[in-house]
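Spelled out from the first residue to the last, the chains are:
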Amino acid sequence: AIESFETLKDWYPFSKYAILAELKIADAHYHLAEYGEAVFGYEEFENLHPRNEAIPYVIYQIGRCYYDQIDTIDRDQSTARKALETFQRLTKKFPEDAYSLKARSHIINCQKSLAANDLYVGRFYYKSGHFKAALFRFKSVLSNYPDVGVHYEALQYIALCEAVLKTQAHAAETPEK
């Protein structure tokens, strides 16, 4: 399909179907799980045709390319961040569009993944005795992701970290005999 759409674009560059072919090439890459090529195609379409009626779909698909690559919470979450940013851009730019409504559920899942990752890293720091770093992670969960259902656990760990840090500070101030 990609070759056929490329041929259509090359042979009839001024046809109304050439614009559709650009979009379908990106779609074909997406369906083949070639997410880098798909993102490139969608972004190129958005840059070349910023007023096209398909732009909400294009932005949604860019977000889906990142969203479909989100890994487990113990892995790098850069794709979750990119998906979140893209979906938020869509909902801000086209709040009433049907694709914005679909993006809202993906936004929540991205936030849950990012919050779970911060909790995971915070627990790792806590277990390894890096209480200031752990405290920072747990506080970031509260400030960045307050509505995803993990704030109670973060609050518990914040209390534990602050208690340990207070004990350590008190021990450091007390002179040895």
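Thresholds, definitions, all that
- Residues numbered from 1 in each chain as written.
- Predicted model: local features only at pLDDT ≥ 70, side-chain atom pairs only at ≥ 80, totals over all residues.
- Heavy atoms only, no water.
- Helix = DSSP H or I, 4+ residues; strand = E, 2+ residues; numbered from the N terminus.
- Rg over C-alpha atoms; globule rule 2.2 N^0.38 Å.
- Contact = heavy atoms within 4.5 Å.
- Areas by Shrake-Rupley, 256 points an atom, 1.4 Å probe, with all protein chains shown as cover.
- Lys, Arg positive; Asp, Glu negative; His and termini not counted.
- Charge placed at Lys NZ, Arg CZ, Asp CG, Glu CD.
- Buried < 20%, exposed > 50% of the residue type's maximum accessible area, 1.4 Å probe, protein only.
- Core = buried A, V, L, I, M, F, W, Y, C linked by side-chain atoms within 4.5 Å.
- Axes fitted to C-alpha atoms, helices over the stretch in contact; angles between N-to-C directions.
- Parallel < 35°, antiparallel > 145°, perpendicular 65-115°, else oblique.
- Left-handed = near helix turned anticlockwise from the far one by under 90°.
- Nonpolar A, V, L, I, M, F, W, Y, C, P; charged D, E, K, R; others polar.
- Phe/Tyr/Trp six-rings, centres within 6.5 Å; stacked < 30°, edge-to-face > 60°.

> Let's hear about the overall build of the protein: which residues, and what values?
Of the regular secondary structure elements, the protein holds eight helices and zero strands. Seen in sequence order, the protein has helices and strands lined up from the N terminus as α-α-α-α-α-α-α-α. Against the compact-globule benchmark of 16 Å for 177 residues, the protein has a radius of gyration of 23 Å, which places it well outside the compact range. By principal-axis analysis of the C-alpha atoms, the protein measures approximately 90 × 30 × 20 Å. Taking as baseline every contact in the protein between residues at least 6 positions apart, the subset at least 24 positions apart corresponds to 49%. Accessible surface, the protein as shown: approximately 11,100 Å² in total, 55% of it carbon and sulfur. When the 21 positive and 24 negative side-chain charges of the protein are each reduced to one mean point, those points stand 8 Å apart.

> Outline the side chain of Thr79, supporting the account with residue identities and numerical values.
Topologically, Thr79 is positioned in helix 5 (residues 78-93). Among the residues examined, Thr79 registers a relative accessible area of 15% and is labelled buried. Every residue in contact with Thr79, bar those within four places of it in the chain, is listed here: Tyr66, Gln69 and Ile70.

> I'd like a description of the nonpolar core, backed by residues and values.
Residues Leu23, Tyr42, Val58, Cys65, Phe87 and Phe138 are the most contacted members of the largest nonpolar core, which totals 42 residues. Elements represented by at least two residues in this core include exactly helix 2 (16-31), helix 3 (35-48), helix 4 (55-67), helix 5, helix 6 (98-127), helix 7 (131-144) and helix 8 (151-173). Once residues within four sequence positions are removed from consideration, Phe138 is found in contact with Leu119, Gly122, Arg123, Ala154, Tyr157, Ile158 and Cys161.

> Requested: an account of unusual backbone geometry, with residues and values cited.
The phi dihedral of Ala33 is positive, around 60°, even though this residue is not glycine. Within the secondary structure, Ala33 sits in the loop between helix 2 and helix 3. In this structure Ala33 comes out as partly exposed when scored by relative accessible area, which is 44%.

> Lay out the packing of helix 6 against helix 8 in plain terms, naming residues and giving numbers.
When two helices pack together, their arrangement is given by the angle between their axes and by how far apart the axes lie. Packing of helix 6 against helix 8 leaves a shortest axis separation of 11 Å and a crossing angle of 25°. Viewed along their axes, helix 6 and helix 8 adopt a mutual orientation that is roughly parallel. Crossing of helix 6 over helix 8 shows left-handed handedness. The residues of helix 8 that touch helix 6, namely those facing Leu119, Arg123 and Tyr126, are Glu153, Ala154, Tyr157, Leu160 and Cys161. Residues that form the contact of helix 6 with helix 8 fall into these classes: six nonpolar, no polar and two charged.

> Which residues make up the packing of aromatic side chains, and what values go with them?
Taken as a whole, this structure holds nine aromatic pairs when the rule is applied. Geometrically, the ring pair formed by Tyr60 and Tyr99 is tilted, given 5.3 Å between the ring centres and 40° between the ring planes. With Tyr60 in helix 4 and Tyr99 in helix 6, this pair connects stretches of sequence that are 39 residues apart. Given the relative accessible area of 6%, Tyr60 is considered buried. Residue Tyr99 is classed as partly exposed on the basis of its relative accessible area, which comes to 25%. Clustering of aromatic rings is evident, with ring pairs tying together Tyr57, Tyr60, Tyr67, Phe87 and Tyr99.

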